[in-house]
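# What the coordinates show
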Amino acid sequence: MKSHETRTAFKDSGRIVIVGASLAGLRAAEALRAEGFTGHLTLIGDEPYLPYGRPPLSKAVLTGWIAVTEWLRYSGLAAGTFGVGCDAGCRAFDINAIVTDDVFVAGDIARFPHPLYNYQFMSLEHWGNAVEQARVAAHNMVCAPAARCPHVAVSTFWSSQFGVNIKSVGVPSAAEEVVITQGELAEASFVAAYGKEGQLVAAVTFNHAKWVEFYQHLIEQAAPFPSKLPEALHPMPNPPVPAAFPDPRQPTHEATVVLTGHDPSARRVQWIPRHRET
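Before going into details, it helps to say that this report is about the structure given with it. (Residues numbered from 1 in each chain as written. Predicted model: local features only at pLDDT ≥ 70, side-chain atom pairs only at ≥ 80, totals over all residues. Heavy atoms only, no water.)

A separate point is the overall build of the protein. A tally of regular secondary structure across the protein gives 5 helices and 16 strands. Here the protein holds 278 residues, and 39% of them are scored as buried. Looking at the protein alone, contacts between residues at least 24 apart form 51% of all its contacts between residues at least 6 apart. Carbon and sulfur atoms form 58% of the exposed surface of the protein, whose accessible area is close to 16700 Å². (Helix = DSSP H or I, 4+ residues; strand = E, 2+ residues; numbered from the N terminus. Buried < 20%, exposed > 50% of the residue type's maximum accessible area, 1.4 Å probe, protein only. Contact = heavy atoms within 4.5 Å. Areas by Shrake-Rupley, 256 points an atom, 1.4 Å probe, with all protein chains shown as cover.)

Before going further, it helps to spend a moment on helix α5 (residues 212–220). Among all positions in α5, only V212, Y215, L218 and I219 are buried. Down the axis of α5, the buried set is contained in an arc of 125 degrees. They therefore lie on one face. Buried-residue contacts for α5 involve β10 (164–170), β11 (177–184), β12 (189–196) and β13 (199–206). Looking one or two residues past α5, A222 carries a phi angle of roughly 50 degrees, positive in sign. (Arc of directions from axis to C-beta.)

All right, on to the packing of helix α2 (residues 23–34) against helix α4 (residues 127–142) then. Packed helices, taken two at a time, are described by the angle their axes make and the gap between the axes. The geometry of α2 relative to α4 is characterised by a closest axis approach of 8 Å and an angle of 35 degrees between their N-to-C directions. As α2 packs across α4, the resulting crossing turns out to be right-handed. Counting all contacts with α2, which are made through L23, A24, R27, A28, A31 and L32, the residues of α4 involved are W127, A130, V131, A134, R135, A138, M141 and V142. Among the residues making up the contact of α2 with α4, the classes are represented as 12 nonpolar, no polar and 2 charged. (Axes fitted to C-alpha atoms, helices over the stretch in contact; angles between N-to-C directions. Left-handed = near helix turned anticlockwise from the far one by under 90°. Nonpolar A, V, L, I, M, F, W, Y, C, P; charged D, E, K, R; others polar.)

A separate point is the side chain of T205. Among the structural elements, T205 can be located in strand β13. Owing to a relative accessible area of 2%, T205 belongs among the buried residues under this scheme.

What follows deals with the sheet that holds strand β4 (residues 83–85). Pairing is mixed across the open sheet formed by 4 strands, whose spatial order is β3-β4-β7-β8. Single-partner strands in this sheet number two, and they are β3 (79–80) and β8 (120–122). Where β3 and β4 come together, 2 bridges link them in antiparallel fashion. Paired with G80 across the two strands is G83, which belongs to β4. (Pairing = 2+ DSSP bridges.)

With that settled, the discussion passes to the packing of aromatic side chains. Tallied over the full model, the rule gives 6 aromatic pairs. For the ring pair Y194 and F245, a centre distance of 6.1 Å and an interplane angle of 40 degrees mean the geometry is tilted. Linking Y194 in strand β12 with F245 in the loop between β14 (241–242) and β15 (257–260), this pair joins segments that are 51 residues apart in sequence. For F245, a relative accessible area of 34% gives the class partly exposed. Through pairs of rings, three or more aromatic residues link up here, namely W211, F214 and Y215. (Phe/Tyr/Trp six-rings, centres within 6.5 Å; stacked < 30°, edge-to-face > 60°.)

Attention shifts here to unusual backbone geometry. Of note, the bond from F225 into P226 is cis; its omega dihedral lies within 30 degrees of zero at -5 degrees. Following the sequence through the fold, P226 ends up in the loop between α5 and β14. Unusually for a residue other than glycine, A188 sits at a positive phi of about 55 degrees. Mapping A188 onto the fold places it in the loop between β11 and β12. Taking the relative accessible area as the measure of exposure, A188 reaches 30% and is therefore partly exposed. Although it is not a glycine, A222 sits at a positive phi angle of roughly 50 degrees.

Before going further, it helps to examine the pattern of salt bridges. Pairs may arise between side chains of opposite charge once their charged atoms sit close together. Evaluation of the coordinates by the stated rule reveals 4 salt bridges. As a salt-bridge pair, R135 and E132 come within 3.0 Å of each other at their nearest N and O atoms. Residue R135 and its partner E132 are both found in helix α4; the two are separated by 3 residues, about one turn of the helix. The class for R135 is partly exposed, based on a relative accessible area of 39%. Note on E132: relative accessible area 35%, which makes it partly exposed. (Salt bridge = Lys/Arg side-chain N within 4 Å of Asp/Glu carboxyl O.)

In structure tokens, the structure reads:
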């Protein structure tokens, strides 16, 4: 929809289908209406009820969740074990990794490149990310190409476990090293900062929630790691230690696609039909 006339006509009488009636789907619908879309809007969910105020629970935390994309296997989209590939503007890739113009993806299953993490593709399984990404997707559906915006928010989440308040900002699993920058482990009140290749990429606070915004600002500014804090905040700096996250480069799943054809201009991608063992 490159022309103003086409966009206007689409916003007035076009049709958009949102698959998924959880927080991401509802926020996308709200954002589309706020963007001036008055056409047909269809929201599809897997429950026999009208949309309602679901609690923002993380499926990843509760059930050891992985992306459920098998229903998209023959959709022609780049849907794999770790989610559906898309650009930073939430436009889904097709099976040949070419960006589409009329299919957008947001929420748990969206794998997108994040500029703060060297454009590494990642999916963030938390309702806060789903809400923000849904708003970006909705905006980009109906705006002019030059007005598209990227989803570049720094991920955050919080939890409370056995009386300990835990808050996280950034992506700890992207880190190579971790260091305690404030507080004491023995008192269950501290800040753990995570870094990769000399850059701060995440921080997790335990009963130190007042520092979350401080570290979020550092992450957004690509601050060095270890961060040089004032001596009053941490008079005896600790040395970083390996973060010891599993290496994401190690394959944990079999291939799901094969290449067809011989001529470079004619090669394409094809799904491998697989059957789960029962």
